[in-house]
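Read off the chains here:
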Amino acid sequence: MVSLIRRNKLFFLTFTGLGILLRAYFLHWHFLFQGDSLVYGDLAKNWLLHGIYGINDSGHIIPVDIRMPGFPAFLAACFRLFGLGHYGAIVRVQVVVDLLTCFLIAAGARRLCSHGAAKIAFALATLCPFTANYTATPLPETLAIFAAAVALSFALRALLKMRAAPPWDVAHSFALADWIACGTGIALSIYLRPDGGVLLVVIGLYLFWFAISKRQAEFLWVGILLATVSLLPLLPWTVRNWRTLHHIEPLAPFYAQVPGEYVPKGFNRWSKTWVIDFISVMNVEWNISTEGNGEAVDLKDIPARAYDNPQQMLQTQQVISQYNQTLLLTPELDQQFAQLAAERIHAHPLRYYLELPLARLADMWLRPRTEMLNLQLDWWKWQEVPQESLASAALALLDIFYVLAAMLSLRHKLPGSGVLWLFVLCRSALLAMLSNPEPRYTLECFPALLMLAGAGLMKSCTHAASAE
């Protein structure tokens, strides 16, 4: 990759410059600091100032495990270097990290296909507004994308080394350095978000399949090495949770709840019987609170698909109206949501277990991804905001282009592409099971998607040129 950059200095300098300009635009016009950013910032400050990984509650710092410590550690390090609360410096560091990710994506595409694929993938990555957008907000997405790129790029490198050499060849030494780098990327991914473990599952399954199909035990041994490097860093976090919070938790709670907080599982299950788009998450799910600090839910924001019959519609509206009176979701109200969910699931199990998950997945992958921009979420209302709708439609088309470009790689036999597609599919399957379809959750797939897109476009161009 270094020699490729040296031979194409102007190309890489040009697109790096364009990438910096794109990210500078987002930093200037779309800097966003709210929601989860406040939680991560509170964790980092308390950890740095008081030595307690916790949040402020009525003037007291309460130890918690509601978020993995990776991103708060990054924030704390930046606060120490650039000043407490200096989020402007943090987003600029994220720009550097995101540009490094672009080079990793190019390296992966080169291993997957060719030098030309690397250049295409690099151009796509530097000009990708969906990943660049998240550099402008203090959230773990930029680092999570970087971690996924590290893991996948070095996994490709290691796999190709091992496949090219005879079994048990001392020359390639099992590609130990590459697998350790891959495991480090997975460990970082898990420390940022628990779902980063999908990387370990996917690469582990791929190695197991190779060991069985090729009858080469060395793939099993490197799989064990990979799991060790990936999971061993979780030991200090697990011990901390045991000693401080008195329970065994190697990751973070599924619902990110603080100790003793009530989890509205009934409401969450009811939401999964009808929510398919991000605007429903914004207008309904995020308004509900079990702590009494929620917001009222407008019944107009609940679509007709949330009801199976007039009686069910009446019951649902009554429960929502009761919540709106107090803005507190009590266990009693949550039980009513649970009953509604059970009734709807029993009546339409196929819809709940297959149709709705696929619809949520399609929304996460194909919507315009305007959640971090000053664009209206219900972009399809052309008469209200025609210019915003046009911009959103253009973003949606660009998103679809990335997906279609990656799918072009399926037409060609590319060594190592299987692990990339397996990662995209497995992570997508996991996301389909969530009740809150947030498009940002698919961003960790973009390193794989862009590597495949670079290879797919390069192969298609080469094939078309040879056909002429």
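Just so it is clear, the structure is predicted and the values come from calculations on it, not from any experiment.

Caption draft 1: Local environment of the overall build of the protein. Scanning the protein from terminus to terminus reveals 20 helices and 2 strands. Over its C-alpha atoms the protein spans a radius of gyration of 24 Å, differing by no more than 12% from the 23 Å that the globule rule assigns to 468 residues. Its C-alpha atoms put the protein at 70 × 60 × 50 Å along the principal axes. The 468 residues of the protein split such that 52% are buried. Long-range contacts, defined as pairs at least 24 residues apart, comprise 74% of the intrachain contacts of the protein with a sequence gap of at least 6.

Caption draft 2: Summary view of helix α4 (residues 70–82). If you check α4, its first and last C-alpha atoms are 18 Å apart, about what 13 residues at 1.5 Å a residue would give, namely 18 Å. Turning to α4, its buried residues number three or more, namely Gly 70, Phe 71, Pro 72, Phe 74, Leu 75, Ala 76, Cys 78 and Phe 79. Structurally, α4 contributes buried residues whose contacts are with α3 (36–50), α5 (87–112), α8 (141–164) and α9 (176–192). Following α4 by one or two positions, Gly 83 adopts a phi angle in the positive range, close to 115 degrees.

Caption draft 3: Seen up close, the nonpolar core. Counting 112 residues, the largest nonpolar core has Trp 179, Ile 186, Ile 203 and Leu 420 as its most contacted members. If sequence neighbours within four positions are ignored, Ile 186 has contacts with Ala 151, Gly 196, Leu 199, Leu 200, Ile 203, Leu 226 and Ser 230.

Caption draft 4: Geometry of the side chain of Ser 280. One can find Ser 280 in helix α14 (residues 278–283). Discounting residues that sit within four places of it in the chain, Ser 280 has contacts with Trp 274, Val 275, Glu 285 and Arg 305.

Caption draft 5: Fine view of helix α10 (residues 197–214). Spanning 18 residues, α10 covers 26 Å between terminal C-alpha atoms, matching the ideal 26 Å at 1.5 Å per step. Buried within α10 we find Gly 197, Val 198, Leu 199, Leu 200, Val 202, Ile 203, Tyr 206, Leu 207, Phe 210 and Ala 211. On the buried face of α10, the contacting elements are α8, α9, α11 (218–231) and α19 (417–432). Downstream of α10 by a residue or two, Arg 215 has a phi angle that is positive, lying close to 55 degrees.

Caption draft 6: Structural view of the environment of Trp 286. When you line up the elements, Trp 286 lands in the loop between α14 and α15 (310–326). Looking at Trp 286, the relative accessible area reads 47%, which means it is partly exposed. C-alpha of Trp 286 to C-alpha of Thr 238: the two residues are 48 residues apart in sequence and 30 Å apart in space. Aside from chain neighbours lying at most four places away, what touches Trp 286 is Phe 278, Val 281 and Glu 438.

Caption draft 7: Region of the structure containing the packing of aromatic side chains. Applying the stated criterion to the full structure yields 28 aromatic pairs. Here Phe 130 and Phe 446 contribute two aromatic rings whose centre-to-centre distance is 6.3 Å and whose plane-to-plane angle is 70 degrees, an arrangement assigned as edge-to-face. Of the two residues, Phe 130 is situated in helix α7 (residues 129–133) and Phe 446 in helix α20 (residues 446–467); the sequence distance between them amounts to 316 residues. When the ring of Tyr 206 is compared with that of Trp 209, the centres are 6.0 Å apart and the planes differ by 40 degrees; the resulting orientation is tilted. With a gap of 3 residues between them, Tyr 206 and Trp 209 both fall in helix α10, about one helical turn apart. In this structure Tyr 206 comes out as buried when scored by relative accessible area, which is 10%.

Caption draft 8: How the structure looks around the pairing of strand β1 (residues 54–57). Both β1 and strand β2 (residues 60–63) contribute to a ladder of 4 bridges, which runs antiparallel. Residue pairing across strands places Asn 56 opposite Ile 61, the latter belonging to β2. Counting the residues that bridge the hairpin from β1 to β2 gives 2 residues, and of these Ser 58 lies at a positive phi of roughly 55 degrees.

Caption draft 9: Molecular detail of unusual backbone geometry. The residue Ala 256 is not glycine, and still its phi comes out positive at about 55 degrees. Structurally, the position occupied by Ala 256 is in the loop between α12 (234–245) and α13 (265–271). On the basis of relative accessible area, Ala 256 is assigned to the partly exposed category, the value being 29%. A positive phi angle is found at Leu 327, which is not glycine, with a value near 55 degrees. Tracing the backbone through its elements, the reader meets Leu 327 in the loop between α15 and α16 (331–347).

Caption draft 10: Spotlight on the pattern of salt bridges. The tally for this structure, following the rule as stated, stands at 17 salt bridges. Close ionic contact of Asp 195 with Arg 427 constitutes a salt bridge, the shortest N to O distance being 3.5 Å. One end of the pair, Asp 195, is in the loop between α9 and α10; the other, Arg 427, is in helix α19, and 232 residues separate them in sequence. Under the relative-accessibility criterion, Arg 427 is labelled buried at 1%. Asp 308 is the salt-bridge partner of Arg 344, the closest N and O atoms lying 3.1 Å from each other. Taken together, the residues span a long stretch of sequence, with Arg 344 in helix α16 and Asp 308 in the loop between α14 and α15 at a distance of 36 residues. Linked by salt bridges that have partners in common, Asp 36, Arg 67, Glu 141, Arg 193, Asp 195, Arg 427, Glu 438, Arg 440 and Glu 444 make up one network.

Caption draft 11: Just a nonpolar patch on the surface, in detail. Taken together, the side chains of Leu 366, Leu 397, Ile 400, Leu 404, Met 407 and Leu 410 present a nonpolar region at the surface, about 560 Å² in accessible area. Broken down by element, the nonpolar patch gets its largest block of residues, 4 residues, from helix α18 (residues 386–407). In this fold, Met 407 is placed in helix α18. Accessibility expressed as a relative area gives 42% for Met 407, which makes it partly exposed.

Caption draft 12: Fine view of the environment of Leu 152. One can find Leu 152 in helix α8. Note on Leu 152: relative accessible area 0%, which makes it buried. With 296 residues separating them along the chain, Leu 152 and Ala 448 place their C-alpha atoms 7.3 Å apart. Aside from chain neighbours lying at most four places away, what touches Leu 152 is Leu 199, Leu 420, Phe 423, Ala 448 and Met 451.

Rules used throughout
- Along every chain, residues carry numbers that run from 1 in the direction the sequence is written.
- Whole-chain, interface and lining totals are the exception, using all residues; otherwise, since this is a predicted model, local features are given only for residues with pLDDT of at least 70 and side-chain atom pairs are given and counted only at 80 or more.
- Where side-chain values are given, they derive from all heavy atoms of the structure, hydrogens and water being excluded.
- Strands here are runs of E lasting at least two residues and helices are runs of H or I lasting at least four, both read from the DSSP assignment and numbered beginning at the N terminus.
- We compute the radius of gyration from the C-alpha atoms alone; for a globule the expected value is 2.2 Å times N to the 0.38, where N is the number of residues.
- Relative accessibility under 20% of the residue-type maximum defines a buried residue, over 50% an exposed one, and the middle range a partly exposed one, all with a 1.4 Å probe and only protein chains included.
- We call two residues in contact whenever any of their non-hydrogen atoms come within 4.5 Å of each other.
- How far a helix is expected to stretch is found by multiplying one less than its residue total by 1.5 Å.
- The definition of a nonpolar core used throughout is a set of buried Ala, Val, Leu, Ile, Met, Phe, Trp, Tyr and Cys residues joined through side-chain atoms within 4.5 Å.
- Here a pair means two rings of Phe, Tyr or Trp (six-membered ring of Trp) with centres within 6.5 Å. Their orientation is stacked below 30 degrees between planes, edge-to-face above 60, and tilted elsewhere.
- Pairing between strands is defined by DSSP: at least two bridges between the two strands are required.
- What counts as a salt bridge is simple: a side-chain nitrogen of Lys or Arg found within 4 Å of a carboxyl oxygen of Asp or Glu.
- A patch consists of residues exposed above 30% relative accessible area that lack any salt bridge, with like charges linked at up to 9 Å and nonpolar side chains (Val, Leu, Ile, Met, Phe, Trp, Tyr) linked at up to 5 Å.
- Only the protein chains shown count as covering a residue, and every accessible area follows the Shrake-Rupley method with a 1.4 Å probe.

Keep in mind these values describe shape, not function.
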